[in-house]
Amino acid sequence: MPPTLASLVHHSALKLTVRAGEDRLDVPVRWAHVSELADPVPYMEGGELLLITALKLDAENPEAMRRYVKRLVGAGVVGLGFAVGVNYEEIPEALVEAARAEGLPLLEVPRRTPFLAISKAVSAAIAADQYRAVTAGFAAQRELTKQALNAGPEGLLGALAGQVDGWAALYDASGAVVAAAPEWAGRRAARLTAEVERLRERPAPASSVVGGPDHEDRVELHSLGTGRRPRAALAVGTAAALGTAERYAVHSAIALLTLVTERSRSLHAAEQRIGTAVLRMLLAGQPDHARAVAGDLYGGLLDAPFRMIVAESVSGSAARAHADAHAHAHAHAHPGVPGAAKQASPAAALAAAGTGGDPLGGLMETVESAAARSGEAVLIVPEGERLVVLAADGGAAVAACTRYAAALEAARAVPEQSAADEDELVVGLSAPAGPIAAAAAYKQAEQALSVARRRGRVLVEHEQLAAGSVLPLLADDAVKAFADGLLRALHEHDATGRGDLVASLRAWLSRHGQWDAAAADLGVHRHTLRYRMRRVEEILGRSLDDPDVRMELWLALKATSTE
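Residues numbered from 1 in each chain as written. Predicted model: local features only at pLDDT ≥ 70, side-chain atom pairs only at ≥ 80, totals over all residues. Heavy atoms only, no water.

Undergrad: Residue-level account of the overall build of the chain, with values.
TA: Summing up its helical and strand segments, the chain has 20 helices and 15 strands in all. Relative to its 563 residues, the chain shows a buried fraction of 45%. Partitioning the intrachain contacts of the chain with sequence separation of at least 6 by distance along the chain shows that 64% fall at a separation of at least 24. By element, 53% of the accessible surface of the chain is carried by carbon and sulfur atoms, the whole surface being about 27,300 Å². (Helix = DSSP H or I, 4+ residues; strand = E, 2+ residues; numbered from the N terminus. Buried < 20%, exposed > 50% of the residue type's maximum accessible area, 1.4 Å probe, protein only. Contact = heavy atoms within 4.5 Å. Areas by Shrake-Rupley, 256 points an atom, 1.4 Å probe, with all protein chains shown as cover.)

So, in structure tokens, the structure goes:
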């Protein structure tokens, strides 16, 4: 620890005598400074032992001494050393009384003790304390490195908690507690998740100091990682501010945890190349070769049903255009049913899910973190603006993906100012499949992705498609163009007032070609309806006996009826 007034008083070579402030000798001394100025305060930083001979002081004037001592105390001076036998044979009583009144330690320095000896003693003690701190820091670094190599992050956190006489916790990229030491610290660390999330929003490296839960300790938070977005965070809780040795230990832990959590780029690139090769083999119908290449890295993923996830970023304006079109079609196809929810800005959605403006990157971090916490394998292959994920069915990665999408979907429902230039996320999720059906699962995920994009949804599962209706898909511009072209001649005929062929065709198709029922719906004779259907065939140049023609006409009628 740094030198104190008490350690200087007990220094046998200095022969110092305490004349006031006996109860405050345990205060650390930052430096010993000599000044004969009548007002040395402008040159003080706080924590000094001031040494004087009272060369320019009226030391016997009680009022002057009260003002002098009061200013010293206000400047943070921790002690006053007075050399006797130079200008005064003993310390004037006015100065002693002023020091006692302000509680300032006053030390009598004998004539045979030069101020230089006191300065050297303070300097030597500070140097010794710094050396001890550096030595302890190196010892802590060795211990932390040993624990990191032998026991991983958990062992490192345990050693760090012992070094700082407190607790330590590690958070993943999503802000969840991964490990904590001692064991009880996990609950305390979990209550700081909001602070960790705020730290992640700042460029790395970043740190902050917060009061612990219920003000029970002092907590330092440090981001971990070398990229733009932190990959993890470290929390260190102590009863008081960290000393020099403890600071060395924390900095060593930050460096080691960064190495542990931030895998080398070459290793990460190699794993991605293996994942890409495994995915291509699965899609090519070579599950045995894929399993051989996957090895221990992804092999376990292929031993149970998995889900295929395909995600991509789309512009905010395009996503909203699709959502508005789908809501418009939905409202007309289902009268009385409210349309799509109000769309909020992508910025609001990204803030809700903590994506930092990169929804695709945020999804990758979320899925990776969930898989790492649960100990399950996950295969992630970035493909430009698209992400392909192979994850265990019913596992943590799939659940994290759906929660992430739900957070984005919920944020969209909050009306805010629109930010059309920001990207939004669309995700397609396949049904459970095995390695032999990987190609089919990929196609299912792409189909679900296409529907999600068309409907302005964040995530669509392939299993939901069979339970829905094909009618909302008719809102596509290409389908509408086809329908308009197919029925244009009939609409032009009806516009002349020579018959209602479009309504007659709709009634006849809706009654499955039953003449009497369709004629009754229209309020005309069945012979009139037969004549009109012959006119439809003549105008379109197609036979209504062909089931494909009837299907196309019915879909065209449904598509145009949504306008």
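Picking up where we left off.
Undergrad: Just give me the short version of the nonpolar core, but keep the residues and values in it.
TA: Met-65, Tyr-68, Leu-80, Phe-82 and Leu-106 are the most contacted members of the largest nonpolar core, which totals 27 residues. Elements supplying a minimum of two residues to this core: β3 (48-52), α2 (62-74), β4 (79-83) and α3 (93-102). In this structure, Leu-156, Leu-160, Leu-234 and Leu-256 belong to the second largest nonpolar core, which totals 24 residues. (Core = buried A, V, L, I, M, F, W, Y, C linked by side-chain atoms within 4.5 Å.)

Undergrad: Which residues make up the sheet that holds strand β7 (residues 177-181), and what are the values?
TA: Here five strands make up an open sheet; going across it, the order is β7-β6-β10-β9-β8 and the pairing antiparallel. Both outer strands of the open sheet, β7 and β8 (207-211), are each paired with one neighbouring strand and no more. Pairs of neighbouring strands in the sheet enclose a mean axial angle of 20 degrees, with direction left out of account. With seven bridges connecting them, strand β9 (residues 218-224) and strand β10 (residues 232-238) associate as antiparallel partners. Following the sheet pairing, Leu-221 is matched in β10 by Ala-235. (Pairing = 2+ DSSP bridges. Axes fitted to C-alpha atoms, helices over the stretch in contact; angles between N-to-C directions.)

Undergrad: If you had to explain the side chain of Arg-532 to someone new, which residues and values would you point to?
TA: Position of Arg-532 relative to the elements: it lies in helix α19 (residues 526-540). Arg-532 has contacts with Asp-500, Leu-501, Ser-504 and Val-524, leaving out every residue within four places of it along the chain.

Undergrad: Describe the sheet that holds strand β2 (residues 31-34), with residues and values.
TA: The strand order across the open sheet formed by five strands is β1-β5-β4-β3-β2, and the pairing between neighbours is mixed. Since the sheet does not close on itself, it has two edges, and those belong to β1 (17-20) and β2, each with one partner. Sheet twist, expressed as the average angle between the axes of neighbouring strands with direction ignored, equals 30 degrees. Pairing between β3 and β4: four bridges, direction parallel. Looking at β4, one finds that Leu-50 is bridged to Leu-80. Contacting β2, β3, β4 and β5 (106-109), helix α4 (residues 115-164) crosses the sheet at an angle of about 160 degrees to β2.

Undergrad: Please provide a residue-by-residue account of the packing of α2 against α3, values included.
TA: At a minimum axis separation of 8 Å, α2 and α3 run at an interaxial angle of 40 degrees. Our classification of the angle between α2 and α3 gives oblique. Handedness of the α2/α3 crossing: right-handed. In contact with Pro-62, Met-65, Arg-66, Val-69, Lys-70 and Val-73 of α2, α3 contributes Ala-94, Leu-95, Ala-98, Ala-99 and Glu-102. Class assignment of the residues belonging to the contact of α2 with α3 gives a composition of eight nonpolar, no polar and three charged. (Parallel < 35°, antiparallel > 145°, perpendicular 65-115°, else oblique. Left-handed = near helix turned anticlockwise from the far one by under 90°. Nonpolar A, V, L, I, M, F, W, Y, C, P; charged D, E, K, R; others polar.)

Undergrad: Pulling in residues and values, what's your account of helix α7 (residues 244-261)?
TA: Its 18 residues give α7 an end-to-end C-alpha distance of 26 Å, which sits within 8% of 26 Å, the value for a rise of 1.5 Å per residue. Of all the residues in α7, the buried ones are Ala-249, Val-250, Ser-252, Ala-253, Ile-254, Leu-256, Leu-257 and Thr-258. Turning to α7, the residues buried within the fold contact α4, β6 (167-171), β9 and β10. (Expected span 1.5 Å × (residues − 1).)

Undergrad: Give a description of the environment of Gly-237 that names residues and reports values.
TA: Turning to its location among the elements, Gly-237 is positioned in strand β10. Along the sequence, Gly-237 and Gly-211 sit 26 residues apart, while their C-alpha atoms lie 9.2 Å from each other. Not counting the four nearest positions on each side in its chain, Gly-237 is found in contact with Gly-166, Trp-167, Arg-218 and Val-219.

Undergrad: I'd like a description of the packing of aromatic side chains, backed by residues and values.
TA: Inspection of the entire model under this criterion finds two aromatic pairs. Plain terms: the ring middles of Phe-82 and Tyr-88 are 6.1 Å apart, the flat faces sit at 55 degrees to each other, and that makes the pair tilted. On the accessibility criterion, Phe-82 (0% relative accessible area) is buried. On the basis of relative accessibility, which here comes to 17%, the residue Tyr-88 falls in the buried class. Between the aromatic rings of Trp-508 and Trp-515, the centroid separation amounts to 5.5 Å while the plane-to-plane angle is 40 degrees, which identifies the pairing as tilted. With relative accessibility at 22%, the residue Trp-515 sits in the partly exposed group. (Phe/Tyr/Trp six-rings, centres within 6.5 Å; stacked < 30°, edge-to-face > 60°.)

Undergrad: Before we move on, can you summarise the environment of Glu-143 with the specific residues and values?
TA: Looking at the element boundaries, Glu-143 is found in helix α4. Distance in space between the C-alpha atoms of Glu-143 and Gly-155 is 10.0 Å, their sequence separation being twelve residues. In contact with Glu-143, other than residues within four places in its own chain, are Ala-159 and Gln-163.

Undergrad: Quick one: what's the story with the packing of helix α12 (residues 359-374) against helix α13 (residues 396-412), residue by residue and with numbers?
TA: Where α12 contacts α13, the two axes come as close as 8 Å, and the packing angle between them is 145 degrees. Relative to α13, α12 is oriented so that their crossing is right-handed. Side by side, α12 and α13 meet where Pro-359, Gly-362, Leu-363, Thr-366, Val-367, Ala-370, Ala-371 and Ser-374 of the first sit next to Ala-396, Ala-397, Ala-400, Cys-401 and Tyr-404 of the second. Tallied by class, the residues present in the contact of α12 with α13 amount to ten nonpolar, three polar and no charged.

Undergrad: Describe the pattern of salt bridges, and please don't skip the residues or the numbers.
TA: Summed over all chains, the structure comprises 24 salt bridges. Salt-bridge contacts for Glu-312 lead to Arg-453; the nearest nitrogen and oxygen are separated by 2.6 Å. Of the two residues, Glu-312 sits in strand β11 (residues 306-315) while Arg-453 sits in helix α14 (residues 438-455), which places them 141 residues apart along the sequence. Look at Glu-312 and you get buried, because its relative accessible area is 12%. Taking relative accessible area as the criterion, Arg-453 reaches 26% and is therefore assigned partly exposed. Close ionic contact of Glu-409 with Arg-457 constitutes a salt bridge, the shortest N to O distance being 3.7 Å. Separated by 48 residues along the polypeptide, Glu-409 in helix α13 and Arg-457 in the loop between α14 and β15 (459-461) bring together distant segments of the chain. (Salt bridge = Lys/Arg side-chain N within 4 Å of Asp/Glu carboxyl O.)

Undergrad: Outline the side chain of Asp-494, listing residues and values.
TA: Its location among the elements puts Asp-494 in helix α16 (residues 477-495). We note that Asp-494 is buried and unpaired, the nearest opposite charge coming from Arg-532 at a distance of 7.8 Å. A distance of 2.8 Å separates a polar atom in the side chain of Asp-494 from the backbone nitrogen of Leu-501. Setting aside residues no more than four positions away along its own chain, Asp-494 makes contact with Gly-499, Asp-500, Leu-501 and Val-502. (Lys, Arg positive; Asp, Glu negative; His and termini not counted. Polar contact = N/O pair within 3.5 Å; in protein donor to acceptor, adjacent residues only side chain to side chain.)

Undergrad: So what's going on with a nonpolar patch on the surface? Which residues, and what values?
TA: On the surface, Ile-274, Val-293 and Leu-297 cluster together into a nonpolar patch covering about 190 Å² of accessible area. Checked against the element boundaries, Leu-297 lands in helix α9 (residues 287-298). (Patch = residues over 30% accessible without salt bridge, like charges linked within 9 Å, V, L, I, M, F, W, Y side chains within 5 Å.)

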